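Residues per chain, in single letters:
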Amino acid sequence: MINKHKNEKPSLVKGLSSLDIKGLAGYIKNGYAKKILILTGAGISVKSGIPDFRSPGTGIYDNIKKYGMLEPDLLFNRAFIKNDPKPFFSLVKEFIDKEYEPTDAHYLSVLFKNKGLLMRYYTQNIDSLDLKAGLTPPYLIECHGHMRTSTCTNSSCKNKIPTESIKNIIIKGQIPYCKKCNSLIIPDVVMNDDDLPEEFFEQLDKDFHECDLLIVMGTSLQVEPFPGMIEDPPLNVPRVLINKEPVVTYVEELGEKNGRLVEISEDRLSQKFKFGHFFNRRDIFLGGDLQSNILELIKELGWEEDLNKLKSKQI
Ligand code: CNA
């Protein structure tokens, strides 16, 4: 028989009073979060008007034919682009032909930085909205590159130019070629088979070893190495996912050992998220629209005025 007295729910990690916005705000306000790590994805820019990849109906993958493609995986395939650059450039056009503005999700990270609480901000996004909001290196790591510059695909030329200088060509639906060698020239985004930029690896181990809070926002966590990265912070560090749906969460299975309730799922040895689990001591899931959750968190932190000043560029 399972001994009820031995099976009280385990206490939350130090500094966390509850697994919700109030608990998270308390952890930050009470000084437990001084080295915050943030991981972001396309979901934080959807409100700006840039579609993400995988949202059903609205995501780029569900509308792939619009870009003259059938296979989404080929969009960022270097060999495919060299052979048929049109679909890739019709996507690039979407990113560069409008002036998009950052969202509260971007500004929350800037607020952390301004208050000296941000350790690093790793983004998978290529839209430069983090930079526009005020995040700069060494805080900002653009893991999948960006579109601000473009490089000639001829390995013996590699001419680098501001994308602004070929913007009109791309917007007209034409393909840009290098002025020096006439080869195809493409924005500096990380393609499927490319290595991640050097700066990604420089602080990675240290960051994940030393952080005291991990916040993940607007990503389906389907592109490596991001899903694995959430497993890296120490076990006493709270992890927060702010996203429409939960991701990288395993199904907990409970069993009994020596009259005690134990977790028996094979996944217990991983450090995937434990949202809703009996043995969850640190993982907070804020589901639904991320911008509303972020605004609620900002209010709970008492930082609304700071946010408004930031948005009107007063600080
Ligand atoms: P994804 O796989 O499309 O996932 C986006 C996630 O955000 C999904 O889980 C959505 O449910 C969630 N989401 C979208 N809108 C909201 C919302 N309003 N509230 C809450 N959750 C929401 O995109 P990932 O970033 O995970 O995938 C990585 C790819 C996407 C990288 O290689 C990027 O370069 C690429 N990408 C970037 C952009 C950009 O820079 N803005 C746009 C599209 C794709």
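Residues numbered from 1 in each chain as written. Predicted model: local features only at pLDDT ≥ 70, side-chain atom pairs only at ≥ 80, totals over all residues. Heavy atoms only, no water.

Draft legend 1. Main features of the site of the ligand. In the vicinity of the ligand, 29 residues are found, and the nearest of them are F53, R54, T219, S220 and E245. In the model, an oxygen atom of the ligand is placed 2.8 Å from a nitrogen or oxygen of the I126 main chain. In the environment of the ligand, an oxygen atom lies 2.7 Å from a nitrogen or oxygen atom belonging to the side chain of T219. In the complex, the protein chains occlude 95% of the 860 Å² of accessible area that the ligand would expose alone. More than half of the atoms belonging to the ligand lie within 2 Å of the grid points that define the largest pocket. (Near = heavy atom within 4 Å. Polar contact = N/O pair within 3.5 Å; in protein donor to acceptor, adjacent residues only side chain to side chain. Areas by Shrake-Rupley, 256 points an atom, 1.4 Å probe, with all protein chains shown as cover. 1 Å grid on protein atoms, 1.4 Å probe; cavity = no way out; pocket = protein on both sides within 12 Å on 5 of 7 lines; lining within 4 Å. Sits in = over half its atoms within 2 Å of the grid points.)

Draft legend 2. Local environment of the pattern of salt bridges. Tallying each qualifying case throughout the model produces 16 salt bridges. The salt bridge partner of E101 is K132, with a shortest N-O separation of 3.2 Å. Highlighted residues: E101 in the loop between α3 (86–96) and α4 (104–114) and K132 in helix α5 (residues 129–133), separated in sequence by 31 residues. Judged by relative accessible area, K132 falls into the partly exposed class, the value being 34%. One salt bridge in this structure joins E305 and K309, with 3.9 Å as the shortest N-O distance. Separated by 4 residues within a single helix, E305 and K309 lie in helix α11 (residues 304–311), roughly one turn from each other. With a relative accessible area of 57%, E305 lands in the exposed category. Here K309 falls in the partly exposed class, since its relative accessible area comes to 30%. Taken together, the shared-partner salt bridges connect K35, K206 and E210 into one network. (Salt bridge = Lys/Arg side-chain N within 4 Å of Asp/Glu carboxyl O. Helix = DSSP H or I, 4+ residues; strand = E, 2+ residues; numbered from the N terminus. Buried < 20%, exposed > 50% of the residue type's maximum accessible area, 1.4 Å probe, protein only.)

Draft legend 3. A look at the state of the cysteines. This model, assessed by the stated rule, comprises 0 disulfides. C143 forms no disulfide, and the closest cysteine sulfur to it belongs to C211, at a distance of 15 Å. Residue C143 is classed as buried on the basis of its relative accessible area, which comes to 0%. No disulfide involves C157; its sulfur sits 3.8 Å from that of C178, the nearest cysteine. (Disulfide = S-S within 2.5 Å.)

Draft legend 4. Region of interest: the sheet that holds strand β8 (residues 239–242). Read from one edge of the open sheet, 6 strands run β3-β2-β1-β7-β8-β11, paired in parallel fashion. Each edge of the open sheet is held by one strand with a lone partner, namely β3 (140–142) and β11 (283–286). The mean inter-strand angle of the sheet, taken between neighbouring strand axes irrespective of direction, is 15°. Two elements, strand β7 (residues 213–217) and β8, share 4 bridges in a ladder whose sense is parallel. Note on β8: the bridge partner recorded for L214 is R239. (Pairing = 2+ DSSP bridges. Axes fitted to C-alpha atoms, helices over the stretch in contact; angles between N-to-C directions.)

Draft legend 5. Expanded view of the domain arrangement of the chain. Here the chain is partitioned into domain 1 (1–50 + 103–144 + 197–315) and domain 2 (51–99 + 146–189). The C-alpha-based centres of domain 1 and domain 2 are spaced at 31 Å. Listed as interface residues are 16 residues of domain 1 and, on the opposing side, 13 residues of domain 2. With both sides pooled, the region where domain 1 packs onto domain 2 buries about 1,100 Å², and carbon together with sulfur makes up 58% of that total. The largest per-residue losses of area from domain 1 upon contact with domain 2 belong to I50, I126 and E142, which jointly make up 45% of the total buried on that side. Inspection of the domain 1/domain 2 interface yields 2 salt bridges. (Domains from an automatic or database assignment. Contact = heavy atoms within 4.5 Å. Buried area = accessible area lost by both parts, 1.4 Å probe.)

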